[in-house]
Amino acid sequence: MSASARLALLVLALLLGTGAARAIETHRFPAPGSAAVTLSLHAATDIAAMRPLIEDFQATRPDVAIVYTEYVTAELFERMRVACEGAGGVDLVLSSSVDQLLKLVNDGCAEKLGLATTGLPRWTRWRDELFGFTFEPAVIVYNRDAVRPEDVRRTRAELIDLLRADPERYAGRIGTYDVTSSGIGYLFSAYDARAGAVFGRVMEALGRARVVLSCCTTDILDALAAGRLAIGYNLLGSYAVAAVRAGAPLRVVIPRDYTLVLSRAIFVPKRAPHAEAARAFVAYLLSARGQARARETSFAFGFDGNTVPEADGPALPPASAILRPIEISPELLAIQDRAKRARLLGDWRSAVGAPVDAGAR
Amino acid sequence: MIASGGLSLYRRVTGLVAAVMAVTGIGLGVVAASYARGAADDAYDRLMVAAALQIAESVYTQDGRLLADPPFSAFETLALAPDDRVFYAVAGPDGAVLTGYDDLPGAVRVDPAGAGSAVGNGTFRGVPVRVAAARRYIPDAATPGWVRVALAQTNEARGALARDLTVKALALLAVMMLLGFLAALVAVRLALAPLARVERTMCERDPKDLAPLAIETPREIGALVGAINGFTTRLSRHQAVLQRFVAEASHQIRTPLAALSSQVEMLAWSETGTGPEAEERRARLTRIRARTRELARLTNQLLDHAMVSHRIESVPFSPVDLSELGRQVLRDAASSAVGSLSAPPDLDLAFEGPEAPVMVLGDAISLREALGNLVGNALKHGARARLEIAVRDLGGVGEIAVIDDGPGIPPEDRERVTRPFEGGPGRGERGEGAQKGAGLGLSIASDVVAAHGGRLAFVTLADGRFAVTLTIPAAAAPARAA
């Protein structure tokens, strides 16, 4: 391993350290009216993305105060595993790691909400208990200054060719999730592996290019914006577009060979103390008003799959052949299977050549 | 006796059909539900077994270690029951769970031994589940043996499919039952139609018409119509016999009675002797003559009564002019009153009525008999100086009244005197003693009027005269209609 790579890992470790320190923060949203109900929302999602939605919801329900507790996905999963078995005290659980949520719901953790007929696609909901409410493509992000326009690649095969043609140019300047610590990273890589053989070659190429691994989307985007990284693979499109809107010099590319789409999901645990208000919040997120608001302020993409100006790529209408939604269904149990996880992680490690403790938090 | 309060045949048959259909429907519904459940189980069991086999197939060995890698496709297969929770476990030969839910193998007991796969029902974590199990022999593991896959799935999709199938089957069943029931209703009505036709024919025909029924009937009720016809034939034969008997009796009895009367008269005339014995003989002869006259009168009345009774039962009605009838009876009375001992001398007979005929529907002979009896009674017991027959058209009914200036019948006796042999004591005693106990006259008149659907009434008029009125429904004016 070269000195620069060691440095990169050191920087990464520092970044991860700050990320870990950020875990379990609490934000309070007092009720605009006289508070009758205080919802306890446990989430593995940036507060910045959820704040406009929570505030808009409170405009419709001024009697609801919300305490927003932010976790990283794995911590939320462990916290909820315990909560489901005993006393909960949690009204809403929200995470981008839908496989973890599905596992919790499969284990009988969630309450039926009677929201089965929403306008969203069938694959976004399961058992009338778990509801996806965002449409978030996995994208490739380029730093405009570090990557020449002619080097921008729009399919995985082209990306592999670019890395092969000029291995040293991007060595140590490509970032992606550390699947051992990032729930989304693991989810995306599992679906990539499922989607076809090309992913094995992508991992191999990334490994050769000494890919920089990180736990969190925002960390990778920050490094990209700062120019420390040139290319980010498989990042959450919504966060990338948000960074572009915030002025980061990034080019967001929706892959044209196939596009994984994640739908961030939410459920109401059984024995939630304020089930009615919690249900109202879920209903708001699924409603036309909630969807429009989410698109406007936080998540950029909508279920109609229309193109977004900040993202370079095809439209993704529901019938699109390249659309690969991560369906909220028992299929996700395969992702959560411990034997499968062990094998996928093993494959991933050997492909990217990552040391076993690369993802240590 | 006819038990007309019994259940209607139509209701009984349709009730039976409905009951049979209800029982059949419930039975078929239960069977349909059971079939639907079986079909749904079968469909989803196949998916579960396929998924279990796929998972079993994914077990491999690496460096002698058993490893499992449940394929996406297995879960995709299970996701065909889109909203059902899925639990699974892969256990090695030593029973250790390689992956999945560690507590599943202990909670469900479905043994795939023998067939390679098996299905059954169970409960996992308090939820009823369907369980599929599969096994696969792994020869190259450190300890070769059977790997077992247990797969449990909640029952929502299969329950929904079973319900859907059941509801559709029941809907079909209900439609078929309804159609069947309607068909049965129509069939029963059609089957009972000939009976209704017989009934209608019987009701429409004149009650005095005893001719056999001439209608087309199906074989099944031919016997009934035959029985009715046999009965009417016998009845009409009996009536004919009775009629002949009455006619013969009239003739056979009247003739010797007349001869007897004349003999007694002659004997009385010829008894011209004197002395106490002769006086006593004359007195006896007088009594015999009175008794003979009474016998003749009673016999005549009895025979008249029989004749009238028979006629009103058997002779069809035709239009009769009450005025004409009244005049005729008055003429008869005039001729018979001449020389009659009972009629007061210088009796004034009068008729009062409209110029136009007053038509009623009836039997002229019976009516004439009835009226004759009333006039006879009036002559005998009531009229002192005047007897009047008055006819009126009351619109819809015709009225004929026999009015005399006698004392009339006291109101308390009026009901009684219309019964046979209940001639009023006042009247009977008031006349010559020989008339005692007479009195079929009012009874005959009453019967005749009743048979015509009319009414007999006793009225004391404003001027003190006494009237017996007969009101009889008018004929349906055939002359005017024509």
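Just so it is clear, the model here is predicted, and its values are computed rather than measured.

Right, let's get into the UniProt feature "transmembrane region" (unreviewed entry) in chain B. Residues and elements named next belong to chain B. Mapped onto the present numbering, the UniProt feature "transmembrane region" (unreviewed entry) falls at residues 12-36 and 169-192. Helix makes up 100% of residues 12-36 and strand 0%, and the two end C-alpha atoms of the span are 35 Å apart. Each end of residues 169-192 is marked by a C-alpha atom, and these two atoms are 34 Å apart; helix forms 100% of the span and strand 0%.

All names here are of chain B. As for its position among the elements, Val-225 is in helix H5 (residues 219-270). Sequence spacing of Val-225 and Leu-195 is 30 residues, and the spatial spacing of their C-alpha atoms is 9.2 Å. Setting aside its immediate chain neighbours within four residues, Val-225 contacts Val-198, Leu-213 and Thr-217.

In this section: the interface of chain B and chain A. Bring the parts together and some accessible area is lost; that lost area is often taken as the interface size. Taken together, the contacts link 17 residues of chain B with 15 residues of chain A. Those elements giving two or more residues to the side of chain B that touches chain A turn out to be helix H2 (72-78) and strand E4 (97-100) of chain B. With four residues, H2 of chain B is the single largest residue contributor to the side of chain B that touches chain A. Looking at side-chain class alone, the side of chain B that touches chain A contains ten nonpolar, two polar and five charged residues.

Now for the pairing of E4 of chain B. Residues and elements named next belong to chain B. Strand direction decides the pairing type here: strand E3 (residues 86-91) and E4, joined by three bridges, are antiparallel. Within E4, the residue paired with Ala-89 across the bridge is Gly-100. What sits between E3 and E4 in their antiparallel hairpin is a turn of five residues, with Gly-95 showing a positive phi close to 90°.

Here we take up the sheet that holds strand E3 (residues 64-70) of chain A. All names here are of chain A. Taken in spatial order, the seven strands line up as E1-E3-E2-E4-E13-E6-E5 in an open sheet, and their pairing is mixed. A single partner strand is all that each edge strand has here, and the edge strands are strand E1 (25-29) and strand E5 (125-126). The sheet contact formed by E5 and strand E6 (residues 130-132) spans two bridges and is antiparallel. Pairing of Trp-126 across the sheet is with Leu-130, part of E6. Against the sheet, helix H2 (residues 47-60) engages E1, strand E2 (37-44) and E3, with an angle of about 170° to E3.

A regular strand places its side chains on the two faces of the sheet in alternate fashion. Residue and element names in this part refer to chain B. Counting buried positions along strand E7 (residues 145-154) gives eight out of ten residues, so the element sits mostly inside the fold. Where E3 lies against E7, six bridges are found, and the strand directions are antiparallel. Bridge pairing links Val-86 to Gln-153 in E7. Where strand E6 (residues 127-138) lies against E7, ten bridges are found, and the strand directions are antiparallel. Considered in E7, the bridge of Val-129 is made with Thr-154. Connecting the antiparallel pair E6 and E7 is a turn made up of six residues.

A pair of packed helices is characterised by two quantities: the angle between their axes and the separation of those axes. Residue and element names in this part refer to chain B. Contact geometry for helix H8 (residues 364-382) and helix H10 (residues 441-451): axes closest at 8 Å, N-to-C directions at 145°. The way H8 lies across H10 gives a crossing that is left-handed. Here H8 contributes Ser-366, Leu-367, Glu-369, Ala-370, Asn-373, Leu-374, Gly-376 and Asn-377 to the contact with H10, which in turn contributes Gly-441, Leu-442, Ile-444, Ala-445, Val-448 and Val-449. When its residues are assigned to classes, the contact of H8 with H10 shows eight nonpolar, five polar and one charged.

Quick look at the packing of helix H6 (residues 275-314) of chain B against H8 of chain B now. All names here are of chain B. H8 packs onto H6 with a crossing angle of 145° between their chain directions and a minimal axis gap of 9 Å. Crossing geometry of H6 relative to H8 is assigned as left-handed. Counting all contacts with H6, which are made through Asp-304, Val-308, Arg-311 and Ile-312, the residues of H8 involved are Ile-365, Ser-366 and Glu-369. Here the residues of the contact of H6 with H8 sort into three nonpolar, one polar and three charged.

Core analysis: the largest hydrophobic core is formed by 159 residues, its most contacted members being Ala-240 of chain A together with Ala-52 of chain B. Among the elements that line this core, the one with the most residues is helix H1 (residues 9-57) of chain B, at eleven residues. With 37 residues, the next largest nonpolar core counts Leu-374, Ala-383, Val-391 and Ile-403 of chain B among its residues.

Turning to H8 of chain B, a few remarks are in order. For H8 of chain B, spanning 19 residues, the distance from its first C-alpha to its last is 25 Å, which sits close to the expected 27 Å at 1.5 Å a residue. With 16 of 19 residues buried, H8 of chain B is to be regarded as a mostly interior element.

The rules we used
Residues numbered from 1 in each chain as written. Chains lettered and ligands numbered in written order. Predicted model: local features only at pLDDT ≥ 70, side-chain atom pairs only at ≥ 80, totals over all residues. UniProt positions renumbered as here; feature names shortened; annotations may be inferred. Helix = DSSP H or I, 4+ residues; strand = E, 2+ residues; numbered from the N terminus. Contact = placed C-beta atoms within 7 Å. Nonpolar A, V, L, I, M, F, W, Y, C, P; charged D, E, K, R; others polar. Pairing = 2+ DSSP bridges. Axes fitted to C-alpha atoms, helices over the stretch in contact; angles between N-to-C directions. Buried ≥ 20, exposed ≤ 12 C-beta atoms within 10 Å, placed from the backbone. Left-handed = near helix turned anticlockwise from the far one by under 90°. Core = buried A, V, L, I, M, F, W, Y, C linked by C-beta atoms within 7 Å. Expected span 1.5 Å × (residues − 1).

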